Structures are given as C-alpha cells and as structure tokens.
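# Coordinate inspection notes
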Amino acid sequence: MASRKGEFGEPVVLDVEGFDVRVSSPQRVYFAARGETKLDLVNYYLSVGDGIVRALRERPCMLHRFPGGVSGPKVHQKRLPRGAPPWVETVRLHFPRYGLHADELCVTRLADVAWAVQMSTVEFHPWNSRRADTEKPDEWRIDLDPMPDAPFSRVRRAAQVTHEVLDELGAVGWPKTSGGSGLHVYVRIAPDHGFADVRRAALAFAREVERRLPDDVTTTWWRKDRDPGAVFIDYNQNARDHTIAAAYSVRGNDIGIFFCWGVKYGLAENNQIDGNRVGISIGHRDTDNLITGNTIRDSRLNGVLFRPERGPDFAGHRNRIENNTFLDNAPEGGAVIDIQGGTEAITIRIGIIRCSNISYAATACTSSDLVRVAWASVGKVAGTIAIGIG
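Okay, so let's go over this structure.

How each quantity is defined
- Residues numbered from 1 in each chain as written.
- Predicted model: local features only at pLDDT ≥ 70, side-chain atom pairs only at ≥ 80, totals over all residues.
- Heavy atoms only, no water.
- Buried < 20%, exposed > 50% of the residue type's maximum accessible area, 1.4 Å probe, protein only.
- Helix = DSSP H or I, 4+ residues; strand = E, 2+ residues; numbered from the N terminus.
- Pairing = 2+ DSSP bridges.
- Axes fitted to C-alpha atoms, helices over the stretch in contact; angles between N-to-C directions.
- Parallel < 35°, antiparallel > 145°, perpendicular 65-115°, else oblique.
- Left-handed = near helix turned anticlockwise from the far one by under 90°.
- Contact = heavy atoms within 4.5 Å.
- Nonpolar A, V, L, I, M, F, W, Y, C, P; charged D, E, K, R; others polar.
- Salt bridge = Lys/Arg side-chain N within 4 Å of Asp/Glu carboxyl O.

## Thoughts on the pairing of strand S5 (residues 60–65)
For S5, the tally of buried residues reaches 6 of 6 residues, placing the bulk of the element in the interior. By the alternation rule, side chains of S5 split into Pro60, Met62 and His64 and Cys61, Leu63 and Arg65, which are all buried. Examined bridge by bridge, S5 and strand S8 (residues 100–106) share 2 bridges and lie antiparallel to one another. Considered in S8, the bridge of cysteine 61 is made with leucine 105. Bridge count between S5 and strand S9 (residues 121–126): 5 bridges; the pairing is antiparallel. Across the sheet, residue cysteine 61 finds its bridge partner in S9, namely proline 126. As defined by bridge partners, S5 adjoins strand S6 (residues 75–77) across 3 bridges and the pair is classed as antiparallel. Bridge pairing in S6 links arginine 65 to valine 75.

## Quick word on unusual backbone geometry
Here glutamate 58, not a glycine, exhibits a phi torsion of approximately 65°, which is positive. Along the chain, the position of glutamate 58 falls in the loop between helix H2 (49–56) and S5. Look at aspartate 241: it is not a glycine, yet its phi comes out positive at around 70°. Using a relative accessible area of 24% as the deciding quantity, one classes aspartate 241 as partly exposed.

## Quick notes on the packing of helix H4 (residues 152–169) against helix H5 (residues 195–212)
Running from amino to carboxyl end, H4 crosses H5 at an angle of 120°, the nearest separation of the two axes being 10 Å. Comparing their axes, H5 and H4 come out oblique. For the crossing formed where H4 meets H5, the hand is right-handed. Contacts between H4 and H5 involve Ala158, Val161, Thr162, Glu164, Val165, Leu166, Glu168 and Leu169 from the former and Phe205, Glu208, Val209 and Arg212 from the latter. For the contact of H4 with H5, a count of residues per class yields 7 nonpolar, 1 polar and 4 charged.

## A few points about the pattern of salt bridges
According to the stated counting rule, one finds 20 salt bridges in the structure shown. A salt bridge links arginine 240 to glutamate 135, with the nearest nitrogen and oxygen atoms 2.9 Å apart. A residue pair is termed long-range when its members are at least 10 positions apart, and arginine 240 in the loop between strand S14 (231–233) and strand S15 (265–269) and glutamate 135 in the loop between S9 and strand S10 (139–146) qualify at 105 residues. Residue arginine 240 is classed as partly exposed on the basis of its relative accessible area of 26%. Between arginine 200 and aspartate 197 there is a salt bridge, with its nearest N and O atoms 2.4 Å apart. Of the two residues, arginine 200 and aspartate 197 both sit in helix H5, 3 residues apart, roughly one turn of that helix. Within the structure, one salt-bridge network assembled from shared partners comprises Arg59, Arg130, Asp138, Glu139, Arg141 and Arg188.

Now the structure itself:
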C-alpha cells in the first residue's frame, strides 16, 4: 500500500558533488532491528563514496531493491528504473538466448549511487566486465562459499591456500568479506578473454586449491553431493550475467569489505559500532597500529580489538589504543582488549565519545600506503565484522 504524503518525512535534496539528488520518504525505516532509515542508507553510501564508485565504475550493475525495507520483498532489477535524471548513465546488454536487451545502470559518479538508493536500492551487484567491452571480463572472482556445517577456520585455510596459489602464479588477489559467511577474492586481469575462458581458468584454479586441501575444499557442482562441512569454491561466479555484491555494498545482513592478507599499517578510527557482533583483529609484525576515537556499544565482543604479533620485531613501533568507548558490551569468546608483544611500544588511553544512530566502522591496510576503507554494519549481522588473514 502506498504511503501517505509526508508519512516518512518531507523529501530532502542532497548536493552530491554538484548533482542534486532528491530523497523521498527519508525517514522510512529500512533496517527494523535498530531503526536505520533510507536517509541513513544514503548517508552511508556517501561516507564510502570513493570505495563504492571504484567498485562499480563503468560496470553494468544489477540493483537489488527493497521498496519496503530489508524485511520486505526484494526486487532484482536489471533495467534502470524509470524516472532517472538525464545525467545517470547506462550500458546496454544483450541476451541472445531470449532475444532481449537491458539498459543497466553504469555508475560513473557518486550521485548515481545516491540516486539508486533513492529508488530503494540496498545492494549493488556489478558485472566483472566494463562498458568498453562487456563481453571481456577484467576481473576474476574467487568465491569461497562455506557449506552450512563448515567452520570459519576452514574458510581461513581456503583463503590462505588461495593466496599461496595466486602468489605462485604471480597474480594479486584482493580479499573481501562477502557480506555473508564466506570470503571473496578479486583478481584484476587483462580484458583479453571471454566469459567461458575465464570460467574455465577459475575452475582449474579451484581444483588446484581443492587438491591441496582435499579435506576442506570442494568443487563439486551439485549442492546435494557436497560435503556439508566443506568450503565450495564457486567458479561459476565468473559466468556471463553472474554477479555478486560489490565491495562496500550493504546487504540485507552485512557489508562486504576489503581487508589485507598481511597488514603493514593498521587503523581503526572514529567509528561507531552499535548493537552488533564485533571481532576486530588489527596487528601484524613490523606494523604501526592506531585504534582511536571508536565507540563500541551494546555489542557482543568476539575476538580481540588489538593483537600485535608476539616477539621482538614489534618493539619500537607506534601502537596506540586511545580515546575509545566500550559501553554495555558482552564478551563472546574473547577479551575486550588483548595486548601481546612489545608492550613498551603501546600506549592505552580509554575515553568516552557519543554513539550515533547508524553504525560505521573502518579499517585500513595496504602493502605500502595507508588507505582508509570505510564500511557500515546495518541490519542483522551474522559473523564477525572485520577479518584478518596473515
């Protein structure tokens, strides 16, 4: 049933990098568990603007829309919704099997993302090819998908061996959380091959990981035939017209975020984490770490907030935990703060800051530069918020 005019607040107009985006029903609740609204969702995407635009830029993008919020029906939309401003761009895709075509959203600026959220989009699912040649993928996607009985320790082992095989091939993989219980690894490739060839290569890679971890990994296609405790490497995510949720994309239960195989710099700064299960582990040998200005409230703490590597290699590095707030949290299998290693290089000062309505979090890690990666956790969260694999 259509809402009454003004029932969810008067429309607001946002200036998004010089483009006006009108947000109707800004106070409509999209995430009922804690009351985050449509406007909160828009503001989240604006807060991670650089990241979400990089994840979607020039790619055909299917939209997962939730007109009544994430607890209601979901609409899978290939074609651009009607009423788009003239500056929103599209890319035409052809589906010869059905004799059809679709003009899908093609993000080139942050305002495109904000407008899509105005049209009730929660999740963004891009292709692994770009507008210049939609039939030649420039991204190979490795999907580590745990079966129902697979512990996360098996996902970690599968990810570690995935990293090992990529290193042997001289390929760079960018791992990210899936927004569910698994992990994705993105590998940039030259757009020289079609989907069928990339899928065959993905299958060959998956079988090599399976060969090295026969008790943990499976490539068996039919779900009913798989070990329920194994990690399935879903090579078919590289087939044409198969998409997965982008990095920084909100999902109905979590957010997919990039993290690093080995952290050189660790940063968790100025975040509000409210009412979630939290497991943050930041720290690595030869690392400068900073955890400051964060609020963690009404959350279940699973794991540690700070854990540098043991041993003398850590001495002399700048590691700080300061001006953070921990309020009304319940431990769940781990301590609030667990410090190990070169304690002479660590300062601790706990302070109080106020929590905002929507939960933001951030981490940062690259092999050479300090790059902030922001994300939010909204709705029901299954699993930990941040993951590190050494």
